[in-house]
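Structural description and commentary
Chain residues, written in single-letter form:
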Amino acid sequence: MKTHVKALVVGGGAVGTGIAYHLAKAGWDDVMLLERDELTSGSTWHAAGLLPLFNMGYATSHIHDYSVKFYKTLEEETGLNAGFYVVGNLRMAQSQDRMDEYMLYASTAETVGIPYQWMSPAEIKDRWPLVRTEDLKGAIYHPTDGYINPADVTQAMAKGARQRGVTIERKWQVDGYTWTGDHWDVTCTKMVEKGGNLVPSDEQVVVHAEHVVTATGNHAQRTARLLGLKIPAIPVEHQYIVTEPDPALVDWRKANSEHPVLRDADAKWYVREERGGWILGPYERNAPARFLYDVPESFRADLFPLDLERIEEEYMSMIHRIPSSETVGLKDDYNGPICYTPDGNPLVGPAPGLRNMWLAEGFSFGITAAGGTGYYLAQMMVEGEAEIDMASLDPKRYGPWMTTEYAARKNEECYEHVYILHHPDEEREACRPLRTAPAYDRQKALGAQFGQVNGWERPNYYGPLDAPDSFDHDARSFRRGGWWQYAHDEAKAIREGVGLIDATAFAKHVVHGPGAEAFLDWFTCNKLPRVGRINLTYALTSHGTTRTEYTILREAEDRFVLISAGAWHAYDRDFLLKAVADTEDRFGRINVEDWTTRYGVFALAGPKSREVLGSLIRDADPATALSNKRFPWLSLRQVELGMCPTVAVRVAYTGELGWELHHPIEMQTYLWDRLMEAGEPHGLKLVGSRAQNWLRQEKSYRAFGTELGRDATPLEAGLDRFVDLEKEFHGKEAMVETGVRAKCVTVLIDGPEDADPWGREALYDGETKVGRLTSGGYSVAFGKSIGMGYVSPELAVTGQKLTVKMFDRSWPAEVVEDSPYDPTNAVIRVDG
Ligand SMILES: Cc1cc2nc3c(=O)[nH]c(=O)nc-3n(C[C@H](O)[C@H](O)[C@H](O)COP(=O)(O)OP(=O)(O)OC[C@H]3O[C@@H](n4cnc5c(N)ncnc54)[C@H](O)[C@@H]3O)c2cc1C
């Protein structure tokens, strides 16, 4: 066996094989793949092989789309037939809500270029008469979709990989990883058969690998332990059953081609043909998580016993939909482990805290995702970045608070939710509340309906005081849900009066020490603020795109507080710590302290916010303490609010006069009560993140994870005023070289009366697709829908007429000047 390689891929399932293939294709000629057993002996062998293009996420849509196209080319390249049947995929809808879901998805599909067609119940019946259609509203049909033989496609990728120089070694298990400072020493053990089990022998080899990728499927927990990480990839049981031949189907097939993969989402199953019979794959309730800590040695290419009772409901609904299946017996069954993560997306990208260690774990659609994952991960490893933003798959989207219990329960929930209506305003219930700030109970008592961000409970909006537990669930919609009016009134309160927002979830890192200034000056692209001032700035990737957005508070010459998005705490922290370590020779030792859970943040905003805060502030001259002279916009001051020492920052993400109040977390309820008392005479309204998201779009404030990410530079995001081209900073050259491929714009939309965009819709100029929305919502200032997104630079001009695709129709949209509400920032700077 080779002992020195550029990249070692651990795991020979579909995913690992796809990665090895693409690393070689991307130009790395020294790649080895190790598999502890046989290729495909993990989950891959028993997958049903469906390749669903339907996906609500932008990055995963790209990944699936790439795979489907790539698999079609494999036979020509390798001579191996991967068993790809392009039979199409028919997703049926039993309700208008489900059709709305498909229409939102269809607009996303258009942004990626995935073809689809609409079908009415009559058209379905006409084409596939075995399907009962009376209770259907319609369906979305993907003609290019289908299914593949998972083992064959893996073998085809393996052959393609070998042809490109990859070494594949079977029966070698990786048992240890040691980082030496510039490479990994990977301890590998020869596995041998013993009494039907696969057991380690005494033969060991240490492989010296510059890079390691783990794609260990159901063994992710063992991998996590070997690496000293927490990885929330834990499998759940998944079953499918195969029926005997159905005479009606056999008869029909004499003169007709195969049925598409049928999906009755409301009944929670997929069905496809299999040798004259049917395969039914349900996503039922109560499927248990398995292998919470490890896969037993005795579990090889094994299965769990069938649990027919658990899938009875889905079975009956298949019979309802395909009545001819009623009299057909069962021929075969599969109940295997299918890896999940709490949000259903796999974990793909650099491992937290480690160098040259890449994770590709937690795949629940691993056959569909293998090709695309290989393609984009190889770009990340070989070129430094992928052409799409892979942040939604990044392993660091879960922080150190994540536990085995959390992952197991969330993964079970995620499995059960595969076919629920994926409302964009969906909030899932399992494992909550978990991370709560002290004001949580007070907020809840005042009607807060919470969302979960990075485990934190954060008010989305404040509903009625006496709301039943099901209120938020029932308020969800693809259109304006039951929460919309509450968010509307909250947004208006901030524009006209005063509102209080809980922003405690923000990530907060204190960077200090003699080299801190020089380091941050290099690390971020804007000028650093003077002492007592703040700046918005960006840390860039080596490709010049946006890695992180920071608000930097300068507390002293050598002390800075970096505030970034709460959802991206571990992601930002990892990047910062690695950058500090990498540049120690240049900037010296710099201290980084994580204050995320030590400080809470309230944002007080609105024209009356000065009066509210003024009544609380303890100062020799309270009348002037909040004046422009003593407390100008974009500055910070240490203040005392009653007995609470607070760092007040004059900034508001809503675009109104306002202050962020960073306070010791243990004083949060004290400060909350004081703010409520002080706000009462001024009509203070509690405001959630939904209203805030609308308000920030009226100011064209870009958000991380939507407008800002690794697929656009700050110049493309239209943030030129926050980029200091006079100085040298990380990623500058690449940013300038990239130029402006697309530009971020704000649009006002004359949309449907009962709906706003969600930020996933396609943008058109006449018949031509010219971009996509990344955010959407409602503007209380303009009384219509609003959105932000990217279009080609020549269309990014004020007054440009476009259309937005929503609910299968085109709605007029107009590019407006940046910050259409209060473009001169007059209301933010108002004196008093
Ligand atoms: C019943 C069922 C039906 C499914 N249907 C579909 C479907 O229709 N479409 C779809 O896209 N997906 C489907 N899936 C999911 C799919 O099977 C998985 O997502 C996919 O197989 C994951 O591939 P993988 O390469 O990540 O993992 P695996 O196939 O599990 O491969 C991981 C490999 O890593 C090896 N390994 C682990 N640790 C080590 C180590 N330390 N050293 C060396 N080797 C190691 C293992 O032996 C294993 O071979 C289904 C799953 C189930 C259970």
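The rules we used
Residues numbered from 1 in each chain as written. Predicted model: local features only at pLDDT ≥ 70, side-chain atom pairs only at ≥ 80, totals over all residues. Heavy atoms only, no water. Helix = DSSP H or I, 4+ residues; strand = E, 2+ residues; numbered from the N terminus. Contact = heavy atoms within 4.5 Å. Areas by Shrake-Rupley, 256 points an atom, 1.4 Å probe, with all protein chains shown as cover. Pairing = 2+ DSSP bridges. Axes fitted to C-alpha atoms, helices over the stretch in contact; angles between N-to-C directions. Parallel < 35°, antiparallel > 145°, perpendicular 65-115°, else oblique. Left-handed = near helix turned anticlockwise from the far one by under 90°. Nonpolar A, V, L, I, M, F, W, Y, C, P; charged D, E, K, R; others polar. Near = heavy atom within 4 Å. Polar contact = N/O pair within 3.5 Å; in protein donor to acceptor, adjacent residues only side chain to side chain. Expected span 1.5 Å × (residues − 1). Phe/Tyr/Trp six-rings, centres within 6.5 Å; stacked < 30°, edge-to-face > 60°. Buried < 20%, exposed > 50% of the residue type's maximum accessible area, 1.4 Å probe, protein only. Disulfide = S-S within 2.5 Å. Salt bridge = Lys/Arg side-chain N within 4 Å of Asp/Glu carboxyl O.

This next bit is on the overall build of the protein. Along the backbone of the protein there are 22 helices and 35 strands. Its C-alpha atoms give the protein principal-axis dimensions of roughly 85 × 65 × 50 Å. Within the protein, contacts between residues at least 6 apart in sequence are counted, and of these 72% link residues at least 24 apart. Looking at the protein as shown, the accessible area adds up to about 30,200 Å², and 49% of this sits on carbon and sulfur atoms.

Our next topic: the sheet that holds strand E23 (residues 559-564). Taking strand neighbours across the sheet as the criterion, the five strands line up as E21-E22-E23-E20-E24 in an open arrangement whose pairing is antiparallel. The two strands at the open ends of the sheet, each matched to only one other strand, are strand E21 (534-540) and strand E24 (591-594). The sheet shows a mean angle of 30° between the axes of neighbouring strands, taken without regard to direction. As defined by bridge partners, strand E20 (residues 507-512) adjoins E24 across four bridges and the pair is classed as antiparallel. The partner of Val510 across the bridge, within E24, is Glu593. Helix-sheet contacts for helix H15 (residues 569-582) involve E20, E21, strand E22 (546-556), E23 and E24, and the interaxial angle to E22 is about 75°.

Helix H20 (residues 689-698) packs onto helix H13 (residues 484-496) with a crossing angle of 55° between their chain directions and a minimal axis gap of 8 Å. Taken together, the axis directions place H13 and H20 in an arrangement best described as oblique. In this structure, H13 crosses over H20, and the sense of that crossing is right-handed. From H13, Trp484, Ala487, His488, Glu490, Ala491, Ile494 and Arg495 reach across to H20, where they touch Arg690, Ala691, Trp694, Leu695 and Glu698. Residue composition of the contact of H13 with H20, by class: seven nonpolar, one polar and four charged.

Our focus in this paragraph is the sheet that holds strand E19 (residues 499-502). What holds strands together in a sheet is hydrogen bonding between their backbones, with the strands either parallel or antiparallel. The strand order E26-E27-E28-E25-E19-E29 describes an open sheet built from six strands, whose pairing is mixed. Of all the strands in the sheet, just strand E26 (636-641) and strand E29 (685-687) have a single pairing partner and so form its edges. Each strand axis lies, on average, 30° off the axis of its neighbour in the sheet, ignoring direction. Pairing between E26 and strand E27 (residues 644-649): six bridges, direction antiparallel. By the bridge assignment, Leu641 is partnered in E27 with Cys644. Sheet contacts for H13: E19, strand E25 (599-605) and E29; angle to E29, the most-contacted strand, approximately 115°. On top of the sheet, helix H19 (residues 668-679) reaches E19, E25, E26, E27, strand E28 (658-664) and E29; it is set at about 10° to E25, its chief contact.

Let's shift gears to the site of the ligand. What surrounds the ligand is a group of 37 residues, the closest being Glu35, Thr44, Phe363, Gly366 and Thr368. The separation between an oxygen atom of the ligand and a polar main-chain atom of Phe365 is 3.4 Å. Interatomic distance of 2.7 Å between a side-chain N/O atom of Thr368 and an oxygen atom of the ligand. When the ligand is considered free in solution it has 990 Å² of accessible area, and contact with the protein chains removes 98% of it. Elements with a minimum of two residues in the shell around the ligand: helix H1 (14-25), strand E2 (31-35), strand E7 (172-179), strand E10 (234-243), strand E14 (330-340) and helix H9 (366-383).

Now for helix H3 (residues 96-112). Under the 1.5 Å per step criterion, the end-to-end length of H3 is 25 Å for 17 residues, consistent within 8% with the ideal 24 Å. Where H3 terminates, the next one or two residues include Gly113, which has phi positive at roughly 90°.

This model, assessed by the stated rule, comprises 46 aromatic pairs. Here Trp484 and Tyr778 contribute two aromatic rings whose centre-to-centre distance is 4.8 Å and whose plane-to-plane angle is 70°, an arrangement assigned as edge-to-face. Here Trp484, found in helix H13, pairs with Tyr778, found in strand E32 (residues 768-779); they are 294 residues apart in sequence, far enough to count as distant. Here Trp484 matches Tyr778 in class, with each residue buried.

Let us now look at the environment of Glu426. In this fold, Glu426 is placed in the loop between helix H10 (404-416) and helix H11 (440-445). The sequence separation of Glu426 and Pro245 amounts to 181 residues, and the corresponding C-alpha distance is 40 Å. Apart from the residues lying within four places of it in its own chain, the contact partners of Glu426 are His417, Ile420, Leu421 and Arg476. For Glu426, the side chain forms a polar contact with the side chain of Arg428, separated by 2.7 Å.

With that settled, consider the state of the cysteines. Among covalent bonds in proteins, the disulfide is the one between the sulfur atoms of two cysteines. Under the criterion given, the structure shown has zero disulfides. Its sulfur unpaired, Cys414 is 11 Å from the next cysteine sulfur, which belongs to Cys339. Overall, the relative accessible area of 5% leaves Cys414 in the buried class.

Before going further, it helps to spend a moment on the pairing of strand E31 (residues 762-765). Consecutive residues of a regular strand have side chains that alternate between opposite faces of the sheet. In this structure, E31 lies alongside E32, joined through four bridges in antiparallel fashion. Within E32, the position partnered with Leu763 by the bridge is Gly771. The turn linking E31 back onto E32 is made up of two residues, and Gly766 within it adopts a positive phi angle of 60°. Sheet analysis places E31 next to strand E34 (residues 801-806), joined by two bridges and oriented antiparallel. Bridge pairing in E34 links Leu763 to Val804.

Time to look at the side chain of Thr545. The topology assignment puts Thr545 in the loop between E21 and E22. The residues contacting Thr545, other than those within four sequence positions of it, are Ala539, Leu540, Gly709, Arg710, Asp711, Ala712, Thr713 and Arg741.

Quick look at the pattern of salt bridges now. Inspection of the entire model under this criterion finds 64 salt bridges. Here Lys410 and Glu413 are joined by a salt bridge, their closest N and O atoms 3.1 Å apart. Of this pair, Lys410 and Glu413 both sit in helix H10, separated by three residues, roughly a single helical turn. Side by side, Lys410 and Glu413 carry an identical accessibility label, which is buried.

Here the residue pair Arg432 and Pro433 is connected by a cis peptide bond, since its omega of -5° sits within 30 degrees of zero. Relative to the assigned elements, Pro433 resides in the loop between H10 and H11. For Lys171, which is not glycine, the phi torsion reads 65° and is therefore positive. By the element assignment, Lys171 lies in the loop between strand E6 (167-170) and E7.

It is worth spelling out the side chain of Thr404 at this point. Within the secondary structure, Thr404 is located in helix H10. In this structure Thr404 comes out as buried when scored by relative accessible area, which is 11%. Excluding residues within four positions of it along the chain, Thr404 makes contact with Lys230, Ile234, Leu292 and Tyr293.

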